[in-house]
Number of protein chains: 2
Amino acid sequence: MSLIVQKFGGSSVSDAEGIRRVAKRIVETRKAGHDVVVAVSAMGDTTDELLDLAHEVTPIPAPRELDMLLTAGERISMALLAMAIKSMGHDARSFTGSQAGMITDAQHGSARIVDVTPVRLREALDEGAIVIVAGFQGFNRDTKDITTLGRGGSDTTAVALAAALNADICEIYTDVDGVYTSDPRVVPLARKIDRITSEEMLELAANGAKVLYIRAVEYARRHNVVLHVRSSFNNNEGTIVYNPDSATGRPGIAGGTDETVSERKETVVENPMIAGVAADLSEAKITIVGVPDIPGKAAQIFKIVAKTNANVDMIVQNVSSAVTGRTDISFTVPMNDGHRVMQALEAEKDQAGFESLQYDDQIGKLALVGAGMRTNSGVSAKLFEALSDAGINIEMISTSEIRISVVTRADSVNTALRIVHTAFGLDADTAAEVHGGTGR
Amino acid sequence: MSLIVQKFGGSSVSDAEGIRRVAKRIVETRKAGHDVVVAVSAMGDTTDELLDLAHEVTPIPAPRELDMLLTAGERISMALLAMAIKSMGHDARSFTGSQAGMITDAQHGSARIVDVTPVRLREALDEGAIVIVAGFQGFNRDTKDITTLGRGGSDTTAVALAAALNADICEIYTDVDGVYTSDPRVVPLARKIDRITSEEMLELAANGAKVLYIRAVEYARRHNVVLHVRSSFNNNEGTIVYNPDSATGRPGIAGGTDETVSERKETVVENPMIAGVAADLSEAKITIVGVPDIPGKAAQIFKIVAKTNANVDMIVQNVSSAVTGRTDISFTVPMNDGHRVMQALEAEKDQAGFESLQYDDQIGKLALVGAGMRTNSGVSAKLFEALSDAGINIEMISTSEIRISVVTRADSVNTALRIVHTAFGLDADTAAEVHGGTGR
């Protein structure tokens, strides 16, 4: 008998009907002979509604109390889900994060998991029950207070449970069919990816693919949890996310890790190098003009930026001018952080010694991701050529071992996405069906 | 420094504004130099909405999961209340029933408190925090599951906390000014009672006064907790409910118990015998006609009734007929139980040997309550005379040491209430202001 962890997001359990539908799906897995542990998010917009309520009461809610408040959301969905399953004749028990042994640090609102002690879950499983766990929440041993894991918390809960319970697979149910070579709403011929490495998935998620949270993928990679991203609206096979480097990889329902690697190698033959292309329109570009080209200047500037806690992504430094001995440094940050970073830099302009600042939020970022790039030269050339042929100007370039990112004008990025998708042979024969609205 | 426990019901915290108003009130108590522990109910109709949701998912929700679901309600209100207080510059911490050490048996939906271990509450108080506790909920040590206390649970939570923490007083905030000599919506000259014994309060509550739950009053009496029932909409003094027999009675803000007794004695002089008059229109009368007047017959019949779990109130047996050797037995039960009881009796009619059944739900019950009755004869005579003068027929009579109840036609009971209120000198000089809708 295998153990399957399943995660259902808020859009899958937005009302009583959704809850019954998900319950039925869980029961089917149980009937197929598996032990089942479910991590569930709050229903639909519950979390946002509770946040609104908190802000009606006070503009800056106390973090401890905000976590206490928000965790009511999953308490509702998990209890309803458990009673739905019980009404279908199967034993089910719901557990809060604290009851499930989800132990975190004390950072309210964005707690990190430090340990998982699922004693009660094991007992319930041994007694034949289906286990329902509140996603997104944990508790701190020292303060004994309730915590929440922050954005993507329920995905992380599911992965952490899968790791702690040594589950065979962790199924992430969402409103799309899996991970696509690109966003099907922009690239109609985007193709569902059958198998992708966690490393590639990380790069795609970090560059705008919204189907999985980076944090959950990282956790899965570190603990060798095999993920299966699939739709809660049909029974199609979704996308397997696995760690090919795993020495102790679990066999999983998806087949062993070794087998996975060899399968992947076969796939490489017909679909070389590239796993997918992602786009991101949420960043802004800041350019620092006329930075003295002397050692320590870049460090000084990025210390100023670091103090704002902004998440700096791409950094590009131009060749310095032989005439002025000065250079320009550009970097991208999330738009939400842009204003704060500009203020911080402006305030220390004289001390840092640069000439001026430019802010540009009309940029788009395109990232080409594939583990095959490591051993395959010519990818960059092909990318640049495809963009050039389409008359799309490249403003910044940055690369990692398995990724090439370029910045273009915001209004060119979707065109760029389609062109690159085609150029690298990723197009499917027919257009993908698009479910849901947000791709999450 | 004294310790005050305050209980706020759902109607006091029905929205963000209500929560801020209650928070302000709590802060005022704190500023007056008291330690404060608050028991709070779920906001407005939250509990009913969660119940509706559960019934949308399944007609018969599993009790364990229903408790898990419903306890989300107080989790929301207590967190919001704590953050409101914190935003006013005072430390506040919210605690679930389980965190507060509210230990119950495992009877989901109507758990009984078996122990209160408020270790974390004491710590928080010692650190100067205002303590907010979720009403209505607890947990069971053996199953480690969350439980709810059932109807009136938040009142009971407050009283249990007051007892466990040795509080000076337990303030029950409601939408009326206190306990009245009768329902002010029916008897305009009803007078707010300043002090009432817990025994009298129990009789009033059991006979239709809705301001306090019987269970909370019983708990308060057993543990010598002094209650102060008052309005959350003004600062008027409400009604003190105390146990005059308490040997270890706490001094309380309301003055010592001994003093209380002597004050009460003084009051008795000008307001003899009667604490209040209550009416109840929620019962039905069942008459069993032609019961053989032989030993054991009544026992046999009430065993049948007991099996239905109906709550039998008044029982009256007529003098048996010398001719037939048979008698009639009448009793009252809550209307909700009426049909069930009739079915059970009908099914065993032949074995029980009675002739027929009559069902009458057009009855009203009036109860006159006062500890002074014990030492004062003539109360019944005065009551019967007043009703007779008004042409109101009495259908059943039942008495306890401190109560006389009579059953009349339903459409006479409000008139009877006003007449009796006047006859026993309870009328105030001016009509009471009526707040709120339900008297709760």
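Identification of chain A as Aspartokinase from Leifsonia kafniensis is taken from an unreviewed UniProt entry. Chain A has a UniProt comment under Sequence similarities (unreviewed entry) that states "Belongs to the aspartokinase family." You can read under Function (unreviewed entry) in the UniProt record for chain A the words "Catalyzes the phosphorylation of the beta-carboxyl group of aspartic acid with ATP to yield 4-phospho-L-aspartate, which is involved in the branched biosynthetic pathway leading to the biosynthesis of amino acids lysine, threonine, isoleucine and methionine."

(A) Structural detail: the nonpolar core. L80(A), L81(A), L80(B) and L81(B) are the most contacted members of the largest nonpolar core, which totals 78 residues. What L80(A) contacts, discounting residues up to four positions off in sequence, is I19(A), M43(A), L53(B), A54(B), V57(B) and L69(B).

(B) Structural detail: the domain arrangement of chain A. Residues and elements named next belong to chain A. Domain parsing of chain A yields domain 1 (3-269) and domain 2 (272-424). Contacts between the two partners involve 20 residues from domain 1, matched on the other side by 21 residues from domain 2. Buried surface at the junction of domain 1 and domain 2, both sides included, amounts to about 1600 Å², of which 56% is carbon and sulfur. The largest share of the area that domain 1 buries against domain 2 comes from V186, E203 and N207, three residues that together contribute 35% of it. For E203, the salt bridge goes to R403, with nearest N and O atoms at 2.6 Å. The leading source of residues in the side of domain 1 that touches domain 2 is helix α6 (residues 198-206), at 5 residues.

(C) Quick look at the pattern of salt bridges. Applying the stated criterion to the full structure yields 40 salt bridges over all chains. Here D115(A) ties to R141(A) by a salt bridge, and the two come within 3.4 Å at their closest N and O atoms. Taken together, the positions of D115(A) in strand β5 (residues 113-116) and R141(A) in the loop between β7 (137-139) and β8 (146-148) put the pair 26 residues apart, joining distant regions of the chain. The partner of R120(B) in a salt bridge is D145(A), and the shortest N-O contact between them spans 3.0 Å. With one member in each of two chains, R120(B) in helix α4 (residues 119-126) and D145(A) in the loop between β7 and β8 form a pair that bridges those chains. Owing to a relative accessible area of 10%, D145(A) belongs among the buried residues under this scheme. Salt bridges sharing partners connect three or more residues here, namely R64(A), E65(A), D145(A) and R120(B).

(D) Geometry of the relation of the copies chain B and chain A. Aligned on chain A, chain B shows an RMSD of 0.1 Å; the corresponding rotation is 180° and the shift along the axis is 0.1 Å. Taken together, these values place the two copies in the relation of a two-fold axis. Relative to the rotation axis, the C-alpha of A72(B) is the closest in chain B, positioned 2.4 Å from it. Interface residue correspondence from chain B to chain A reaches 100%, placing this contact among same-surface, isologous pairings.

Rules of the game
- Residues numbered from 1 in each chain as written.
- Chains lettered and ligands numbered in written order.
- Predicted model: local features only at pLDDT ≥ 70, side-chain atom pairs only at ≥ 80, totals over all residues.
- Heavy atoms only, no water.
- UniProt positions renumbered as here; feature names shortened; annotations may be inferred.
- Core = buried A, V, L, I, M, F, W, Y, C linked by side-chain atoms within 4.5 Å.
- Buried < 20%, exposed > 50% of the residue type's maximum accessible area, 1.4 Å probe, protein only.
- Contact = heavy atoms within 4.5 Å.
- Domains from an automatic or database assignment.
- Buried area = accessible area lost by both parts, 1.4 Å probe.
- Salt bridge = Lys/Arg side-chain N within 4 Å of Asp/Glu carboxyl O.
- Helix = DSSP H or I, 4+ residues; strand = E, 2+ residues; numbered from the N terminus.
- Least-squares fit on C-alpha atoms with pLDDT ≥ 70 in both.

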